[in-house]
Amino acid sequence: MKKNRLISISKIVGIMVVSFILTFSGKAQTTYYSTDSDDWDENSTWSTVSHSSNANAGTYPVAGDIVYIEGDKIDVVNASACAEVFLNGGSGDTELKVKNSSGILTVSGNVTADNNGVNKKLKFKAENSSTVIVGGNVSFVRSGGNKEMKFEMKSAVNISIAGNLSMTSTGGTSKDNKIELKDNNSSLSIGGDVNLTSTGGKLIEFKIKSATILTVMGDINFNATADELIQVCFENSPVLNMGGNFNRQNGYGELSYSSNSSPNLNLIGTAPQVIKQDAFGTGETFEYYNVTINNTFGTAPQVTLDGLVTVNGALVLTSGIVRTTATNLLVIADGATSSQGSASSFVDGPMKKIGNDNNFVFPVGDETRWARLEMKNINNFNATTEFTCEYF
């Protein structure tokens, strides 16, 4: 009986020893500092002491490590990973570039970029079919300097940011600050908000180009203290899928599209959404082109307006009731079209059609009743003629 007890105790001790070994045999977190402009997976690119030291344990950053890049240009050409990345302005240009289809960067935490007010470029770029996955936030801060701060993606790139994308400018001269989505077949998915803040310095320009797809599950927030400090601009035929709202603090900030462009704004929220009015009295406006209502919140109205909203291109009603009033009026511009709506998606309240577009169907209704009204074969009106329709 005593022998059996001893065997049982020894087994328990053995299990405890194995458990201890498994718990503490994992790789410890290491902090890496760039010392040269080269590939991420080159040992000579990094120091484990400082940017000015060549001391290195013969390794490069991997999952769980902290990375500081300052005054160097680092290329990610293979599958690479870390816990956090800090891009800091230094004595030379600072750049992190993920490139080629084999270039995959996975950051489990945040990517934080700060130009430190120096006269050097600060860039985070992805190009040529590369992939970037960020488990936290991506943020840029510029406090001065005369060189650009830029987040850029082009040529079939896929970027996923679980948290927020933020850019802040408090100072600087000469070059603008840019977030630029270029070329076809690229996509940027943001699980949180887009925060654009400018209290000084140069313009923050968020440009969405070609056939890129931008998905923002939260809000896009404009926080400026004057005109011409924040602009969001569509070029060609990009798509913005939006789960939240546009918010303009202080009334500043511009939403526009270039000539001959056909962008698409899809409201895909699962909570009520608000379409912001065209003008706020500050000289800057919001322009809407090709708006699709596809809000699946369970209670009507799913979408409301906070002032007069003009839609160019086409209004497409897929899911969700749009509530309007005489003050918060929905206007379909001259030459623009609208779908007829359905029992699950129509305009509850007044809406206006401008122009000489004959055979137009107003997708109106009241509360739970869809009651569209067609206008056709009307003579003697022109591009400025206005028709207002409401179903009671």
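Here is a short report on the structure shown in this document. (Residues numbered from 1 in each chain as written. Predicted model: local features only at pLDDT ≥ 70, side-chain atom pairs only at ≥ 80, totals over all residues. Heavy atoms only, no water.)

1. Some points on the nonpolar core
Counting 80 residues, the largest nonpolar core has Trp40, Leu96 and Phe246 as its most contacted members. The greatest single-element share of this core, amounting to four residues, is contributed by strand E30 (residues 309–319). With near-sequence residues (within four places) excluded, Phe246 lies in contact with Ile220, Phe222, Leu240, Leu255, Leu265, Lys276, Phe286 and Tyr288. (Core = buried A, V, L, I, M, F, W, Y, C linked by side-chain atoms within 4.5 Å. Buried < 20%, exposed > 50% of the residue type's maximum accessible area, 1.4 Å probe, protein only. Helix = DSSP H or I, 4+ residues; strand = E, 2+ residues; numbered from the N terminus. Contact = heavy atoms within 4.5 Å.)

2. Examining the sheet that holds strand E38 (residues 369–370)
On the basis of which strands lie adjacent, the open sheet formed by six strands has the order E27-E29-E31-E34-E37-E38 and mixed pairing. Each edge of the open sheet is held by one strand with a lone partner, namely strand E27 (273–275) and E38. In this structure, E27 lies alongside strand E29 (residues 303–305), joined through three bridges in parallel fashion. Along E29, the bridge assignment pairs Val274 with Thr304. (Pairing = 2+ DSSP bridges.)

3. Brief notes about the pattern of salt bridges
Evaluated as defined, the whole model comprises 14 salt bridges. Between Lys150 and Glu180 there is a salt bridge, with its nearest N and O atoms 3.3 Å apart. Taken together, the residues Lys150 in strand E13 (residues 149–154) and Glu180 in strand E16 (residues 177–181) connect sequence positions 30 residues apart. No difference in accessibility class separates Lys150 from Glu180, as the two residues are buried. (Salt bridge = Lys/Arg side-chain N within 4 Å of Asp/Glu carboxyl O.)

4. Examining the pairing of strand E18 (residues 194–198)
The side-chain alternation of E18 yields one buried face, formed by Val194, Leu196 and Ser198, and one unburied face, formed by Asn195 and Thr197. As paired elements, strand E15 (residues 165–171) and E18 share five bridges and run parallel to each other. Bridge pairing in E18 places Leu165 opposite Val194. Here five bridges tie E18 to strand E21 (residues 220–224), and the two strands are oriented parallel to one another. Following the sheet pairing, Thr197 is matched in E21 by Asn223.

5. Side note on the packing of aromatic side chains
Throughout the structure, instances matching the rule amount to 14 aromatic pairs. Centroid distance Trp40 to Trp46: 5.5 Å. Interplanar angle 75 degrees. Geometry classified as edge-to-face. Residue class for Trp40 comes out buried when judged on its relative accessible area of 0%. Between the aromatic rings of Phe286 and Tyr288, the centroid separation amounts to 6.3 Å while the plane-to-plane angle is 80 degrees, which identifies the pairing as edge-to-face. With relative accessibility at 2%, the residue Phe286 sits in the buried group. (Phe/Tyr/Trp six-rings, centres within 6.5 Å; stacked < 30°, edge-to-face > 60°.)

6. Considering the pairing of strand E12 (residues 138–143)
Of the two faces of E12, only the one carrying Val138, Phe140 and Arg142 is buried; Ser139, Val141 and Ser143 on the other face are not. Pairing of strand E9 (residues 111–114) with E12 involves four bridges; the strand directions are parallel. Counted as the bridge partner of Thr112 is Ser139 from E12.

7. A word on unusual backbone geometry
Omega for the bond connecting Ala300 with Pro301 falls within 30 degrees of zero, at 0 degrees, which places this linkage in the cis form. Residue placement: Pro301 occurs in the loop between strand E28 (288–294) and E29. Of note, the phi angle at Asn128 is positive, near 55 degrees, even though the residue is not glycine. In this structure, Asn128 sits in the loop between strand E10 (122–127) and strand E11 (131–134). Taking relative accessible area as the criterion, Asn128 reaches 34% and is therefore assigned partly exposed. Phi is positive for Asn290, close to 55 degrees, though the residue is something other than glycine. Considering the arrangement of structural elements, one finds Asn290 in strand E28. Looking at Asn290, the relative accessible area reads 11%, which means it is buried.

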